[in-house]
Amino acid sequence: MVQAIRQAETVDLICHINPDGDALGSALAAGMALRGLGHRVRVSFGDDPQVIPESLAFLPGQELIVPAAEVPEVPELVVCLDVAAESRLGLLHEKAFAAPVLIVIDHHASNPGFGTHRLIDPTAPATAVLVDELLRRLRVPLDQDLATCLYTGVATDTGSFRYRATTPATHEFAGRLLATGIRHDLISRTLWDTSSFGYLKVLAAALDRAVYEPEAAGGLGLVWTWVPYQDLALFGVTIEEIEGLIDVLRRPAEAEVALVLKQDPDGTLRGSCRAKGAVDVAAVCAGLGGGGHQFAAGFAAREEVPVTIARFRAALAAGR
């Protein structure tokens, strides 16, 4: 990968659609590093329109982001970051696969392994950790802008260092990032402790709609809810702003699995799923066309809510 990147004049860095902190943070960190090495760089993702979550608006390097339409039909070299499946490339799928060199850097166990060069490490707590190693091998020193993006990536994908994937090495990595002088307290406040008032109204409605099914998952329990697009429109909230809803719903001690269904304007339901340790939700979501990690995964569905939750319930039972 290092050799291929060094030989390229222009590098297109692509993260997954609806990017989260790890996807966007990894892409921007890599983009700024490669720009510093003299490469022409574009960062993009396959949504139209592209929406950067308000909670990630502080990330440096966003001047590198271009619309998917500005990525060439046949790029010289593409690096896919945190893209667990080809479907997560969205509008950039064909362009990515047209590139003679397609590098995939990811940490999702469900990644099937596409591209000409692959670094897929399910033991890594975040793609940002793998990007850090890439930058080290490219001999790019850490600065505060790079550290801000990488810290955002590892903090978001470890749930602020609470998830099982967090290891001593993860904390050592975070320590190196903090040593650059970044304000991790301000980053954390922006990521988790700041929202609009409208979000509170959507949250209240979603929690009122929550259902607990003790018999689901082989008796381990499921709690689920859904957020209709009408709620988002009524209170002026974006679908990206409610990403953290799943972390509220997963709290009940009675349920092993939590699921939030979020509705797009076109009716598509985006499912975010979490488990506490006894269920592999990546396998469950893979059966529904999605994927992710053992304890955090997702999928998309076009059916109505009752049909979607019935399919999820059945997949959960089969996975047990």
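Presented here is an overview of the structure given in this document. Just so you know, these numbers come straight off a predicted model, no measurement behind them. (Residues numbered from 1 in each chain as written. Predicted model: local features only at pLDDT ≥ 70, side-chain atom pairs only at ≥ 80, totals over all residues. Heavy atoms only, no water.)

**A word on the overall build of the protein**
In terms of helices and strands, the protein carries 13 helices and eleven strands. Here the C-alpha radius of gyration of the protein, 19 Å, is about what a compact globule of 320 residues would show, namely 20 Å. Principal-axis analysis of the C-alpha atoms gives the protein an extent of 55 × 40 × 40 Å. The buried share of the protein, taken over its 320 residues, is 52%. Put simply, 63% of the contacts in the protein that link residues at least 6 apart link residues at least 24 apart. Only carbon and sulfur atoms are counted for the fraction: they give 52% of the accessible area of the protein, which is about 14000 Å². Each charge sign in the protein was given a centre, from 27 positive and 39 negative side chains, and these centres are 4 Å apart. (Helix = DSSP H or I, 4+ residues; strand = E, 2+ residues; numbered from the N terminus. Rg over C-alpha atoms; globule rule 2.2 N^0.38 Å. Buried < 20%, exposed > 50% of the residue type's maximum accessible area, 1.4 Å probe, protein only. Contact = heavy atoms within 4.5 Å. Areas by Shrake-Rupley, 256 points an atom, 1.4 Å probe, with all protein chains shown as cover. Lys, Arg positive; Asp, Glu negative; His and termini not counted. Charge placed at Lys NZ, Arg CZ, Asp CG, Glu CD.)

**Observations regarding the packing of aromatic side chains**
A ring pair, where both rings are aromatic, is described by two values, the distance of the centres and the angle of the planes. This structure, assessed with the given rule, holds three aromatic pairs. The ring of tryptophan 226 carries the charged tip of arginine 209 above its face, separated from the ring centre by 5.7 Å. (Phe/Tyr/Trp six-rings, centres within 6.5 Å; stacked < 30°, edge-to-face > 60°. Lys NZ or Arg CZ within 6 Å of the ring centre and 35° of its normal.)

**Comments concerning the pairing of strand β4 (residues 101-106)**
Walk down a regular strand and you will see the side chains alternate between the two sheet faces. Most of β4 is tucked away: six of the six residues are buried. On β4, burial covers both faces: Val101, Ile103 and Ile105 on one face and Leu102, Val104 and Asp106 on the other are all buried. Sheet analysis places strand β3 (residues 77-81) next to β4, joined by five bridges and oriented parallel. Considered in β4, the bridge of leucine 77 is made with valine 101. (Pairing = 2+ DSSP bridges.)

**Re the pattern of salt bridges**
According to the stated counting rule, one finds 14 salt bridges in the structure shown. Note that glutamate 63 and arginine 35 form a salt bridge whose closest N and O atoms lie 2.9 Å from each other. Here glutamate 63, found in the loop between β2 (40-45) and β3, pairs with arginine 35, found in helix α2 (residues 21-36); they are 28 residues apart in sequence, far enough to count as distant. The partly exposed category is assigned to arginine 35, whose relative accessible area is 37%. (Salt bridge = Lys/Arg side-chain N within 4 Å of Asp/Glu carboxyl O.)

**Concerning the sheet that holds β4**
Spatial ordering of the open sheet is given by β2-β1-β3-β4-β5, a layout of five strands whose pairing is parallel. Edge positions in the sheet fall to β2 and β5 (117-120), since each has one partner strand and no second. Here the strands of the sheet are splayed against their neighbours by 15° on average, with no regard to which way each runs. By the bridge criterion, four bridges tie β4 to β5 in an arrangement that is parallel. Residue pairing across strands places isoleucine 103 opposite histidine 117, the latter belonging to β5. Against the sheet, α2 touches β1 (10-15), β2 and β3, its axis set at about 170° to β1. The sheet contacts of helix α4 (residues 127-137) involve β3, β4 and β5, and relative to β4 the element is tilted by about 125°. (Axes fitted to C-alpha atoms, helices over the stretch in contact; angles between N-to-C directions.)

**With respect to unusual backbone geometry**
A cis geometry characterises the amide bond from aspartate 48 onward to proline 49, with omega recorded as 5°. You can see proline 49 is positioned in the loop between β2 and β3. A positive phi angle is found at serine 160, which is not glycine, with a value near 60°.

**Overview of α4**
When α4 is considered as a whole, its buried residues turn out to be Thr127, Ala128, Leu130, Val131, Asp132, Leu134 and Leu135. Following α4 by one or two positions, arginine 139 has its phi on the positive side, about 60°.

**Here we look at the packing of α2 against helix α5 (residues 144-157)**
Packed helices, taken two at a time, are described by the angle between their axes plus the distance between the axes. Axis separation between α2 and α5 bottoms out at 8 Å; the angle between their running directions is 160°. With respect to α5, the element α2 is oriented roughly antiparallel. Crossing hand, α2 versus α5: left-handed. Taken together, the residues of α5 that come into contact with α2 (itself represented by Gly21, Asp22, Gly25, Leu28, Ala29, Met32 and Ala33) are Asp145, Leu146, Cys149, Leu150, Thr152, Gly153, Thr156 and Asp157. Looking at the contact of α2 with α5, its residues break down into seven nonpolar, five polar and three charged. (Parallel < 35°, antiparallel > 145°, perpendicular 65-115°, else oblique. Left-handed = near helix turned anticlockwise from the far one by under 90°. Nonpolar A, V, L, I, M, F, W, Y, C, P; charged D, E, K, R; others polar.)

**Let's talk about helix α8 (residues 197-208)**
Note that an α-helix has 3.6 residues per turn; residues three or four places apart therefore point the same way. Taking 1.5 Å of rise per residue, the twelve residues of α8 would be expected to cover 16 Å, and the 17 Å separating its terminal C-alpha atoms lies within 8% of that figure. Of the positions making up α8, those classed as buried are Gly198, Tyr199, Val202, Leu203 and Ala206. Summarising the axial view, the buried residues of α8 lie within an arc of 140°, below the 170-degree limit, and thus occupy one face. Turned more than 90 degrees from where α8 packs its buried face, Phe197 and Asp208 sit exposed. As for α8, its buried residues are in contact with β7 (222-227), α10 (229-235) and α11 (245-249). (Expected span 1.5 Å × (residues − 1). Arc of directions from axis to C-beta.)

Take it as geometry only, folks, not as evidence of what the structure does.
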